[in-house]
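# Coordinates in review
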Amino acid sequence: MRRKTLQDKAWKCCRKGLIRVLAVMLACCPAGCSDDDAPTSDPEEVQTLHEDNIYVFLSPNGPGDNGYNDQIVEAVSEFAFSREVGVHLSKPNRMSDVNDYLDVLWSIYGEREQGKTLVVLAASEYEALALSRSAVPNDRFQVLLFESEQEDLPEGFSTFHLSRYGISYAVGAMVARQRAEIIAAMPDVVALEDAIKGFKDGYAAHGARWVPAVHYLSTDYRGFTMQKKARQLTDSLQRAYNDVPCYGTIYPLAGYANHGIYAGIRDVNLLISNLWGIGMDVDCSAQTDYTPFSVIVDIASLLRRYLADWLEGKDLPRKAVYGMQEGYTGMVFGEGWDPYGLFSQWEDSTSTEMFLPKDFWIEKYEKVKDEAIRKEEEYERK
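Read on for an overview of the structure. (Residues numbered from 1 in each chain as written. Predicted model: local features only at pLDDT ≥ 70, side-chain atom pairs only at ≥ 80, totals over all residues. Heavy atoms only, no water.)

Turning our attention to the overall build of the protein. Scanning the protein for helices and strands turns up eleven helices and 14 strands. The buried share among the 382 residues of the protein stands at 54%. Total accessible area computed for the protein in this model is approximately 16,900 Å², and 48% of it derives from carbon and sulfur atoms. (Helix = DSSP H or I, 4+ residues; strand = E, 2+ residues; numbered from the N terminus. Buried < 20%, exposed > 50% of the residue type's maximum accessible area, 1.4 Å probe, protein only. Areas by Shrake-Rupley, 256 points an atom, 1.4 Å probe, with all protein chains shown as cover.)

Turning next to the environment of H50. Inspection of the secondary structure puts H50 in the loop between α2 (43-46) and β2 (53-57). Take H50: its relative accessible area is 9%, and that puts it in the buried class. When the C-alpha positions of H50 and T117 are compared, they lie 9.8 Å apart, and in sequence the two are 67 residues distant.

This part is about the packing of helix α6 (residues 165-174) against helix α7 (residues 190-205). In contact at an axis separation of 6 Å, α6 and α7 are set at 35° when each is read in the N-to-C sense. Here the hand of the crossing between α6 and α7 comes out right-handed. Between α6, through Y165, S168, Y169, V171, G172 and A173, and α7, the contact on the second element is made entirely by D194, A195, K197, G198, F199, D201, G202, Y203 and A205. For the contact of α6 with α7, the residue count by class is eight nonpolar, four polar and three charged. (Axes fitted to C-alpha atoms, helices over the stretch in contact; angles between N-to-C directions. Left-handed = near helix turned anticlockwise from the far one by under 90°. Contact = heavy atoms within 4.5 Å. Nonpolar A, V, L, I, M, F, W, Y, C, P; charged D, E, K, R; others polar.)

Turning our attention to the nonpolar core. Core analysis: the biggest nonpolar cluster contains 88 residues, and I54, I72, F146, Y251 and F293 have the highest contact counts within it. For this core, the element with the highest residue contribution is helix α10 (residues 299-311), accounting for nine residues. Discounting residues that sit within four places of it in the chain, F146 has contacts with Y68, I72, V120, L121, A122, A123, S124, T159, F160, I299 and L303. Of all hydrophobic cores here, the second largest spans 22 residues; its members include Y101, L102, I108 and A123. (Core = buried A, V, L, I, M, F, W, Y, C linked by side-chain atoms within 4.5 Å.)

Next up on the list: the sheet that holds strand β10 (residues 275-277). The strand order across the open sheet formed by four strands is β8-β7-β9-β10, and the pairing between neighbours is parallel. One side of each edge strand has no neighbouring strand; the edge strands of this open sheet are β8 (213-216) and β10. Shown here is a sheet whose adjacent strand axes are inclined to one another by a mean of 25°, direction ignored. Examined bridge by bridge, strand β7 (residues 179-184) and strand β9 (residues 248-253) share six bridges and lie parallel to one another. Note on β9: the bridge partner recorded for E181 is I250. Each of β7, β8, β9 and β10 touches helix α8 (residues 227-243); the most contacted strand, β7, lies at about 170° to it. The strands touched by helix α9 (residues 258-266) within the sheet are β7, β9 and β10, with β9 carrying the most contacts at an inclination of about 160°. (Pairing = 2+ DSSP bridges.)

When the terminal C-alpha atoms of helix α11 (residues 358-381) are compared, their 34 Å separation across 24 residues agrees well with the 34 Å that a helix rising 1.5 Å per residue should span. Maximum bend of α11: about 40°, positioned at V368. Of all the positions in α11, only F360, W361, K364, Y365, V368, E371, A372, I373 and E376 are classed as buried. Lining the buried residues of α11 we find α6, β10, β12 (293-297) and β14 (329-333). (Expected span 1.5 Å × (residues − 1). Bend = angle between axes of the 7 residues up to and from the residue.)

Its location among the elements puts T159 in strand β6 (residues 157-162). From its side chain, T159 meets the backbone oxygen of L145 in a polar contact 2.7 Å long. From its side chain, T159 meets the backbone nitrogen of S148 in a polar contact 3.4 Å long. If sequence neighbours within four positions are ignored, T159 has contacts with L144, L145, F146, E147, S148, Q150, L153, Y306, P317, R318, K319 and A320. (Polar contact = N/O pair within 3.5 Å; in protein donor to acceptor, adjacent residues only side chain to side chain.)

Residues A320 and Y322 point to one face of strand β13 (residues 319-322) and are all buried, whereas K319 and V321, pointing to the other face, are not buried. In this sheet, β13 lies alongside β6 in parallel orientation, the contact comprising four bridges. What sits directly across from F160, in β13, is A320.

With that out of the way, let us pick up the side chain of N138. Structurally, N138 is set in the loop between α5 (127-132) and β5 (141-146). Look at N138 and you get buried, because its relative accessible area is 15%. A distance of 2.9 Å separates the side chain of N138 from the backbone nitrogen of R140, its partner in a polar contact. Non-local contacts of N138, meaning those with residues more than four positions away in its chain, are made with Y109, G110 and R112.

Below, the discussion takes up the pattern of salt bridges. What the rule picks out here adds up to 15 salt bridges. For D97, the salt bridge identified is with R94, shortest N-O distance 3.4 Å. For D97, a relative accessible area of 1% translates into the label buried. A relative accessible area of 46% means that R94 is categorised as partly exposed. For the salt bridge of E147 with R164, the shortest nitrogen-to-oxygen distance reads 2.7 Å. Taken together, the positions of E147 in the loop between β5 and β6 and R164 in the loop between β6 and α6 put the pair 17 residues apart, joining distant regions of the chain. (Salt bridge = Lys/Arg side-chain N within 4 Å of Asp/Glu carboxyl O.)

Rendered as structure tokens:
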């Protein structure tokens with residue numbers, strides 16, 4: 001039997017459609033590329049694509065979340081249009097496919113004597129894969145892993161962690177006079193656990209009379225896509241809050257599945273919703289009238305910074321943490337949330353207004369912002 005080569009494995013991945021790679025070589029063809037420009041499994045042909053090349057592997061959950069993953073696609077696309085560099089975007093179906101493709105890249109670019117190569121593993125799901133790899137083939141080859149706190153990555157690997165602790169602390173502090181629920185995709189993900197911890201700490205520090213419950217949609221990464229289950233959970237919480245009756249906040253940490261949470265808040269079969277949800281990653285005010293503000297996680301700007309530094313030949317930091325202080329997390333406030341004035345007081349004893357307008361939330365944020373930044377710095381130093 002013929003021995004399977006790296007080229008054979010790459011061709012198998014491409015043929016079965018298990019890795020759908022889009023060669024975004026827009027610097028050479030701004031109006032778009034023909035099928036002749038598509039990636040190839042032939043290493044001799046791949047070498048001629050561009051002198052400098054970026055390979056971006058998205059989360060297996062892929063784009064379409066109106067948030068984190070979509071921001072990554074946006075940043076990569078903008079970079080491809082504006083720079084002389086080959087950009088190749090991939091959404092794998094399985095981790096083994098990515099590993100096979102990395103074998104090919106290690107082989108191809110290990111033999112090249114010019115040009116730079118950057119592999120971007122754009123999700124925390126790739127941490128185990130990164131730890132299993134050998135060092136990069138040469139000093140012109142780098143790997144950037146998202147959302148890891150690992151200290152012992154192979155040589156040539158860099159990582160960053162975008163902390164959600166501080167901004168989540170601020171959210172918890174701002175809604176501490178209301179009941180609260182946290183819906184997260186899965187346990188034991190650093191970014192999510194930081195956000196949960198931050199929300200709980202801010203909530204407790206500002207006079208909360210309850211302990212927010214944490215609801216996980218799954219025990220693994222499938223939780224990020226469980227939109228239907230998130231909707232069902234939100235519906236059950238609506239009924240429970242209506243029975244009391246009382247109002248409450250949902251803090252959504254479920255990626256694409258957040259759409260199910262917003263739908264459960266928006267499409268309620270009651271006169272009004274007993275729950276309102278905080279927007280996540282981007283401005284979500286268009287999702288529902290029951291979103292007074294959104295947490296901004298500006299992964300797009302951070303990725304643009306890393307890509308630009310790499311292309312200029314700068315050394316990427318081995319490990320870095322970013323958050324509120326650096327401006328990569330923050331808030332945006334809805335202009336016209338709850339235009340019908342259906343909410344009163346929200347069990348907030350500090351409110352002297354019958355309804356809670358945008359300025360009410362801006363003022364609350366300004367009061368806790370510096371405290372949240374300080375708490376995040378303390379948390380990340382531990």
